[in-house]
Amino acid sequence: MIKKVILPLLLSAIMFQANAQVKDSNPKAAAIIAAMKKSENDWNTGNLENFMKMYTDSSTMMYPTGPVGLGTIKQLYETKYFNGKMPKQNLYYTDMKVTMLGENYALLTGKFTLSGNSLPERSGVYSLVMVFTKDGWKILHDHSG
C-alpha cells in the first residue's frame, strides 16, 4: 500500500522539480526576469526615465476605458506613484513566471507590491506581453491590477 501511494507521489515531485528547473534555466526567461529586476531598481532609486525604457514606443496599458499609450502610462506614474523625483513607495516584483509565445514574444505574469513611507501597502497581479527588441526584452502591453 505504501509503495503504491508514496512512490507515485515521490516520482511526481521529482518530475515537478525537474520541470521547474528547466523553465528556470531558459535563457530568454532569465533575461526577461533580469530586465524586470533592473526596472524595479530603477523605480526604487527614482530613475523613472530608465524605468520607462522597459516599454516600447508603441506600448499600451489596459485602463478601465481600454488601452492607453506610452504618454498616458508615464503620466500615471509621475502623478500617482512619484512625488517629484522619488517614488512614493518602493516597488517589488515577485512570483514571476515567463511563458514563451514564440521566438520573440513572451507572457510574463507575477505580483507587484508597493510599500514603505508610512503608506498602506498595495499589491496586485500583472500580466505583461513582452517583445524582444534590439535593446532587449521590453513591455509591449501592460495589464496590471
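Anything mentioned here points back to the structure above.
A short tour of the structure in this document, coming up. (Residues numbered from 1 in each chain as written. Predicted model: local features only at pLDDT ≥ 70, side-chain atom pairs only at ≥ 80, totals over all residues. Heavy atoms only, no water.)

Note: strands within a sheet are paired through backbone hydrogen bonds, in either parallel or antiparallel orientation. Strand order in the open sheet made by the six strands is β2-β1-β8-β7-β6-β5, with mixed pairing throughout. Of all the strands in the sheet, the pair left with one neighbour each is β2 (66-68) and β5 (90-100). Pairs of neighbouring strands in the sheet enclose a mean axial angle of 25°, with direction left out of account. Bridging between β5 and strand β6 (residues 105-116) involves nine bridges; their strand directions are antiparallel. Of the residues in β6, the one forming a bridge with Tyr 93 is Phe 112. Set on the sheet, helix α2 (residues 27-44) makes contact with β5, β6, β7 (119-133) and β8 (136-144); between it and β5 the angle comes to about 165°. (Pairing = 2+ DSSP bridges. Helix = DSSP H or I, 4+ residues; strand = E, 2+ residues; numbered from the N terminus. Axes fitted to C-alpha atoms, helices over the stretch in contact; angles between N-to-C directions. Contact = heavy atoms within 4.5 Å.)

Quick look at the environment of Gly 145 now. Within the secondary structure, Gly 145 sits in the segment after β8. On the basis of relative accessible area, Gly 145 is assigned to the exposed category, the value being 64%. Spatially, the C-alpha atom of Gly 145 lies 5.4 Å from that of Gly 124, the residues being 21 residues apart in sequence. Not counting chain neighbours up to four residues away, the residues in contact with Gly 145 comprise Phe 112, Gly 124 and Val 125. (Buried < 20%, exposed > 50% of the residue type's maximum accessible area, 1.4 Å probe, protein only.)

Tracing the sequence through the fold places Gly 71 in helix α4 (residues 70-81). In this structure, the C-alpha to C-alpha distance between Gly 71 and Thr 60, residues 11 residues apart in sequence, is 9.5 Å.

Our focus in this paragraph is the pattern of salt bridges. One pass over the full model with this rule turns up five salt bridges. As a salt-bridge pair, Asp 42 and Lys 38 come within 2.9 Å of each other at their nearest N and O atoms. With a gap of four residues between them, Asp 42 and Lys 38 both fall in helix α2, about one helical turn apart. Accessibility expressed as a relative area gives 7% for Asp 42, which makes it buried. Of the residues examined, Lys 38 reaches a relative accessible area of 46% and is grouped as partly exposed. The closest approach of N and O atoms between Asp 135 and Lys 134, which form a salt bridge, is 3.4 Å. We classify Asp 135 as exposed; its relative accessible area is 54%. (Salt bridge = Lys/Arg side-chain N within 4 Å of Asp/Glu carboxyl O.)

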